[in-house]
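Structural overview
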Amino acid sequence: MAEMPGTMNASEAATISRAKISRKSPEFRRVTLAMFAAGFATFALMYCVQPLLPVFSKQFGVSAAGASFALSFTTATLAVALLVASALSEALGRKRVMVVSVLGAALLTIVSAAIPGWTAYLAIRAAIGLVMSGVPAVAMGYLAEEMDSDAIGLAMGLFIGGSGFGGMSGRLVTSVLTDAFGWRIALAALGGPPPGPPGGRSGGSRQSSGGGRGRRGTPSPPWASRCSRRCRAAPGRPRSGRW
């Protein structure tokens with residue numbers, strides 16, 4: 001009976017070791033895609049204001065140094081909050097902290113697009129840095145905990161690549177949208193939800209009971225599916241023949 005705790009701990013360790021995500025498993029693609037997207041979104045939302053600094057200087061009547069606070073406040077609060085977010089993830093879970101971090105930063109970016117005053121806008125940007133700290137503080141630890149030894153290097157590389165690509169894309173997309181629609185619409189669009197979930201089930205998998213779906217999403221008549229099956233069964237048969 002005295003050896004039971006040691007035996008249970010060994011079996012638990014073996015179970016945890018077997019539960020690691022290998023490079024060839026289907027879970028590896030899903031996790032790395034999610035981590036790439038998290039890094040992309042975090043740094044896109046962080047650096048999206050960098051090309052807007054001249055616009056802020058003209059819009060709010062502040063100097064060039066004062067306009068740079070829109071980015072400086074975010075990076076400063078992010079650096080301070082990294083330690084807190086890392087400790088918080090131990091209590092709440094790494095995945096939950098990262099999800100709340102990305103969604104919270106996106107929501108605050110949308111709110112910042114409607115802020116009329118410069119002081120309030122800087123406060124929102126500081127809050128964005130606090131909220132988004134959950135991703136860079138937790139991501140590496142999450143991957144080290146979930147990935148097998150043959151997959152951890154690639155997974156971390158994809159996360160870092162997504163972060164760098166997000167920082168570049170955030171600047172570029174904001175500049176283009178600002179020239180076309182204005183900086184407020186640009187920030188609201190950058191913080192808004194994507195057009196649809198990548199790889200989701202809602203989309204092309206649904207079909208009507210009478211066959212397929214037409215070009216514009218309207219149900220196809222029942223005879224269309226029968227014709228389609230016969231064409232596949234007899235590919236050499238002329239199309240104008242009688243069915």
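In this report, we go over the structure that sits alongside the text.

What counts and how
- Residues numbered from 1 in each chain as written.
- Predicted model: local features only at pLDDT ≥ 70, side-chain atom pairs only at ≥ 80, totals over all residues.
- Heavy atoms only, no water.
- Salt bridge = Lys/Arg side-chain N within 4 Å of Asp/Glu carboxyl O.
- Helix = DSSP H or I, 4+ residues; strand = E, 2+ residues; numbered from the N terminus.
- Buried < 20%, exposed > 50% of the residue type's maximum accessible area, 1.4 Å probe, protein only.
- Core = buried A, V, L, I, M, F, W, Y, C linked by side-chain atoms within 4.5 Å.
- Contact = heavy atoms within 4.5 Å.
- Axes fitted to C-alpha atoms, helices over the stretch in contact; angles between N-to-C directions.
- Parallel < 35°, antiparallel > 145°, perpendicular 65-115°, else oblique.
- Left-handed = near helix turned anticlockwise from the far one by under 90°.
- Nonpolar A, V, L, I, M, F, W, Y, C, P; charged D, E, K, R; others polar.

What about the pattern of salt bridges?
If you walk through the whole model with that rule in mind, you get three salt bridges. Arg 30 is the salt-bridge partner of Glu 27, the closest N and O atoms lying 3.7 Å from each other. Taken as a pair, Glu 27 and Arg 30 lie in helix 2 (residues 26–47) at a separation of three residues, close to a single helical turn. Close ionic contact of Glu 90 with Arg 94 constitutes a salt bridge, the shortest N to O distance being 3.2 Å. Note on Glu 90: relative accessible area 58%, which makes it exposed. A cluster of three or more residues bridged by salt bridges with shared partners is formed by Glu 90, Arg 94 and Glu 145.

Overview of the nonpolar core
Grouped together as the largest cluster of nonpolar side chains are 26 residues, with contacts concentrated most on Phe 56, Ala 70, Trp 118 and Tyr 121. Those elements giving two or more residues to this core turn out to be helix 2, helix 3 (53–60), helix 5 (69–92), helix 6 (94–112), helix 7 (118–132) and helix 10 (183–191). With six residues, helix 7 is the single largest residue contributor to this core. What Tyr 121 contacts, discounting residues up to four positions off in sequence, is Val 49, Phe 56, Ala 70, Ser 112, Ile 115, Trp 183 and Leu 187. Core analysis: the second largest hydrophobic core is formed by 17 residues, Val 138, Ala 139, Met 147 and Ala 151 among them.

Here's the deal with the side chain of Thr 32
Note on placement: Thr 32 falls in helix 2. A residue is classified by how much of its surface remains accessible, and Thr 32, at 7% relative accessible area, is buried. When sequence neighbours within four positions are dropped, the list of residues in contact with Thr 32 reads Met 147, Ala 155 and Leu 158.

Notes on the packing of helix 5 against helix 8 (residues 134–146)
For the pair helix 5 and helix 8, interaxial distance at closest approach is 7 Å and the crossing angle is 50°. Classified by the angle their axes make, helix 5 and helix 8 are oblique. Judged by the sense of rotation from one axis to the other, the crossing of helix 5 with helix 8 is right-handed. Facing helix 5, whose interface residues are Leu 78, Leu 82, Ala 85, Ser 86 and Ser 89, helix 8 presents Gly 134, Pro 136, Ala 137 and Val 138. For the contact of helix 5 with helix 8, a count of residues per class yields six nonpolar, three polar and no charged.

That is the geometry; function is a separate question.
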